[in-house]
Each structure stands twice: as structure tokens, then as C-alpha cells.
Amino acid sequence: MSPSSPPRRFGRWVLAAGLAAGLASWLVGETPLVRPPAPEMEMTVMGRTFQSSTPQGRLDAADADAARFQGIFGATLGLMLGLAGGLSRRSPRAAAVSALVGAAVGALCGLAAARGSLPLYRRLQYTVSNDLIASLAMHGPPFALAGAAGGLALGIALGGRSLLVRSTLGGALGALIGAVVFEFLGALVFPTSETGQPLAASAPARLLAPLIVAAFASLGALGAVAPPRRPSGLG
């Protein structure tokens, strides 16, 4: 890797971009764009007619919310790491291309992985006694693919096939580790927020997940492309 800025500064760029992506995706995820009200239907009970959502309707809406959030998170992480990589080289063109590719790949992968993981999660939720297994089956794939998209964008920005492969794998692995960390830390810090669900029940818990995963994904991608430091005193 040969970005024009010093390695330490480059690392700060990448980590800051990852944290910004986590925060931005959470902010968007709290809006009706991602979490619209569950659809309501007309019901009549004891001669009284009113509008209300059904339990199945609320469950389907919650699953759709989680899938949309994962798409937003993947897009934002890919966008920000692509920008960080390109701007660290002082190359607006590289920043623009890698950010656009990262955003597109991240959105598609995050949304598709979440859609694919939700049915498995619902099955494991009622067939496996360990809630952690079901939760990781839901959170692991979309977060890992979002991390891969972020690493891909960073690798494109930096240039070189070897860097691209390493940063993609590093981002995926880092994000997966971040997902595991969130499962334990979220349950510890927010024990009543149902952090094992596709989306946690409280806003602070929903913020914790993208921040942790984005940070670990950024560090994973960064560690995969950063040159090893030579011990001092060696030529």
C-alpha cells in the first residue's frame, strides 16, 4: 500500500469513516424511510370497527425494517470506506468510483443477506434453545457482507488486485467479529432491549450494533492492507 498520506493518518481516516458510516446508518434507520408503521387493517370486535395491525403484520414489518436497515448499513459502509481510501490518496476520481461501487454492492449484499437470513432466524428461534445461535444466524451474514463491501471499496480506492482481495476478506472477517462482540456486549449493556432480535427494541441498542460492526470492519480491512512495521534498528 502506498497512499500519499502517512500510515497513521490513513488509519485514522479509515476508522473515522467506518464510525461515521455506523452513525449515519443508524440515523437513517430511525426514520420512517426504514421503519414505517406496520400496515393496519379494518377490524370489528364486539360490533366496534377500528384500524389496527395484526401480530403477523407487525412481525413481517419488523423483518422488512431489519432488511432495509442492513441494506442502508452496507451502502453507507461501502460509501464511506471508498471515500476514505480515495481521499487518503488525494484522488477524487478513485474516491468517487470506489464509493459508488461500495455503496451499490453494500446495499445489494446487505439487503439480500438479511432477506435470506430472516427465514433461518425465525426457524432457529423456535427450534434451538441457545438464543445466540439464532441471533448470529440473523446478524452474521448481512454484517459480514457489509464489511466485505466496505473492504472492497477500500481496496478499489487503493488500487491493486492483491490489496482488493485482502481488504475485502479483512472487512468481512472484522465485521463478523464485530457481530459476535455486539451479541455479547449488547446483551450485557442493554439486557431488556432484545438485542438478539433482527432489530433491537431501543434506539441506543440499535446504535451500538452498527458502530461496533463498522469499527471492526474498518479495522479488519485496514489491518489487511497496512504494511507491516519494521522493527527499529533494522535496515
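Just so it is clear, the model here is predicted, and its values are computed rather than measured.

**Q** What is the right way to look at the overall build of the protein in this model?
**A** Scanning the protein from N- to C-terminus turns up six helices and two strands. In the protein, which comprises 235 residues, the share counted as buried stands at 45%. Contacts in the protein between residues at least 24 apart in sequence constitute 73% of all its contacts with a sequence separation of at least 6. Total accessible area on the protein is roughly 11,700 Å²; 67% of this is exposed by carbon and sulfur atoms.

**Q** Would you explain the packing of helix α5 (residues 161-189) against helix α6 (residues 203-225) in this entry?
**A** If you want to describe how two helices pack, look at the angle between their axes and the distance between the axes. Where α5 contacts α6, the two axes come as close as 6 Å, and the packing angle between them is 150°. In the packing of α5 onto α6, the handedness of the crossing is right-handed. When the residues that make up the contact of α5 with α6 are grouped by side-chain class, the tally is 17 nonpolar, seven polar and one charged.

**Q** Can you walk me through the nonpolar core in this structure?
**A** Soluble globular proteins: nonpolar side chains tend toward being buried together. Ranked by size, the top nonpolar core spans 27 residues in total, and within it Phe10, Phe73, Leu77 and Leu154 carry the most contacts. For this core, the elements supplying multiple residues, two or more each, are α1 (7-29), α2 (55-88), α4 (131-158), α5 and α6. Counting eight residues, the second-largest nonpolar core is a separate cluster that includes Ala67, Ala134, Ala137 and Met138.

What counts and what doesn't
Residues numbered from 1 in each chain as written. Predicted model: local features only at pLDDT ≥ 70, side-chain atom pairs only at ≥ 80, totals over all residues. Heavy atoms only, no water. Helix = DSSP H or I, 4+ residues; strand = E, 2+ residues; numbered from the N terminus. Buried < 20%, exposed > 50% of the residue type's maximum accessible area, 1.4 Å probe, protein only. Contact = heavy atoms within 4.5 Å. Areas by Shrake-Rupley, 256 points an atom, 1.4 Å probe, with all protein chains shown as cover. Axes fitted to C-alpha atoms, helices over the stretch in contact; angles between N-to-C directions. Left-handed = near helix turned anticlockwise from the far one by under 90°. Nonpolar A, V, L, I, M, F, W, Y, C, P; charged D, E, K, R; others polar. Core = buried A, V, L, I, M, F, W, Y, C linked by side-chain atoms within 4.5 Å.

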